[in-house]
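# Residue-level structural notes
Listed below, chain by chain, are the residues.
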Amino acid sequence: MSGRGPSRVRALSVAGTDPTGGAGVQADLKSFAAHGAYGMAVVTALVAQNTHGVRAVHVPDVAFLRAQLDAVGDDVTVDAVKLGMLGTRDVVEEVAAWLRRTRPPVVVLDPVMVATSGDRLLDAGAEQAVRALVARADLVTPNLPELGVLLDERRAPSWAAAVDQARRLARSAGVTVLLKGGHLDDDVSPDAVVDARTVVELEAVRVSTTSTHGTGCSLSAAVAALRPRRPDWVSAARDAKEWLTGAIAAGEALQVGSGRGPVDH
Ligand code: PLP
């Protein structure tokens with residue numbers, strides 16, 4: 001071993017699966033690789049889904065989740081974690097307990113709740129546990145509907161109102177928020193990095209395409225992979241967003257599925 005530290009960021013995804021490779025841990029691993037990280041994955045839920053939607057979800061017993069988390073943590077130094085689909089309250093609480101035992105230096109929480117297809121990926125009874133988990137993360141990456149749920153408020157009616165909500169969440173939970181504006185009806189798709197004191201907007205032209213399956217997963221994994229070697233969240237988020245815009249634009253050419261296809265990682 002050289003004394004210089006690892007050649008790559010060791011990044012772990014804790015998330016559900018997508019056997020068609022567009023979302024979940026499969027997308028996270030591709031996103032990690034695209035950003036030069038060494039990817040690892042702990043599976044929270046097995047999801048039978050494709051580009052049209054979710055057919056079935058199987059959540060293994062939490063004891064098995066704990067065994068996976070400990071198998072990684074007992075052996076490997078984790079530089080960054082991305083938390084994605086957690087599914088049930090038991091899973092959320094198990095992950096929170098693991099974060100109390102092993103606190104990796106970078107924790108990104110993508111508060112996955114409902115797939116774009118409309119299928120629920122988080123039990124309604126788990127929302128309170130996810131609210132509590134936010135304070136254990138360094139960065140949380142909600143879209144507008146998820147931000148409303150995290151604050152137990154209505155979805156913000158405008159971008160300005162959403163930025164205000166994000167600022168309140170940043171203050172109350174002591175977390176940085178990467179707010180995603182993809183749900184706005186607009187020809188731009190702004191995102192913003194919001195902490196207790198500052199708001200930095202990251203503008204991007206909206207790409208007109210149906211290939212947006214798994215964009216949230218891919219973005220949060222990219223930011224997690226980049227952050228250990230970037231000076232701050234703004235720099236990591238800006239590079240991740242620029243990469244994602246290109247990946248979305250290249251998605252249709254993959255010709256994967258006849259529904260909402262994946263981005264090209
Ligand atoms: N499936 C899994 C396992 C996920 O983690 C996510 C993440 O957000 C999705 C599906 C949602 O994908 P989308 O809403 O982009 O279709």
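Coordinates for the structure precede this section.
Below is a summary of the structure that appears in this document.

Conventions adopted
- Residues numbered from 1 in each chain as written.
- Predicted model: local features only at pLDDT ≥ 70, side-chain atom pairs only at ≥ 80, totals over all residues.
- Buried ≥ 20, exposed ≤ 12 C-beta atoms within 10 Å, placed from the backbone.
- Helix = DSSP H or I, 4+ residues; strand = E, 2+ residues; numbered from the N terminus.
- Contact = placed C-beta atoms within 7 Å.
- Near = placed C-beta within 6 Å.
- Pairing = 2+ DSSP bridges.
- Axes fitted to C-alpha atoms, helices over the stretch in contact; angles between N-to-C directions.

What follows is about helix H1 (residues 24-34). With nine of 11 residues buried, H1 lies mostly within the body of the structure. Taken together, the buried positions of H1 are occupied by Gly 24, Val 25, Gln 26, Ala 27, Asp 28, Leu 29, Lys 30, Ser 31 and Phe 32. Lining the buried residues of H1 we find strand S1 (10-16), strand S2 (38-49), strand S4 (80-83) and helix H7 (215-226). Among the residues trailing H1, Gly 36 stands out with phi positive, at a value near 80 degrees.

This paragraph deals with the site of the ligand. Around the ligand there are 20 residues in total, and Gly 16, Ala 23, Gly 24, Met 85 and Thr 116 lie nearest to it. Listing elements by their share of the shell around the ligand, those giving two or more residues are S1, S2 and H7. It is H7 that provides the largest number of residues to the shell around the ligand, a total of three residues.

A word on the sheet that holds S1. Two strands in a sheet stick together by hydrogen bonds in their backbones, pointing the same way (parallel) or opposite ways (antiparallel). Reading across the sheet, the nine strands line up as S3-S2-S1-S4-S5-S6-S7-S8-S9 and stay open at both edges, with mixed pairing between neighbours. Strands at the two margins of the open sheet, each flanked by one partner only, are strand S3 (54-58) and strand S9 (199-202). Sheet topology places S1 next to S2; seven bridges connect them, and they run parallel. For Gly 16, the partnering residue across the bridge sits in S2 and is Ala 45. Helix H6 (residues 159-173) contacts strand S7 (176-180), strand S8 (191-194) and S9 of the sheet and is inclined by roughly 155 degrees relative to S7.

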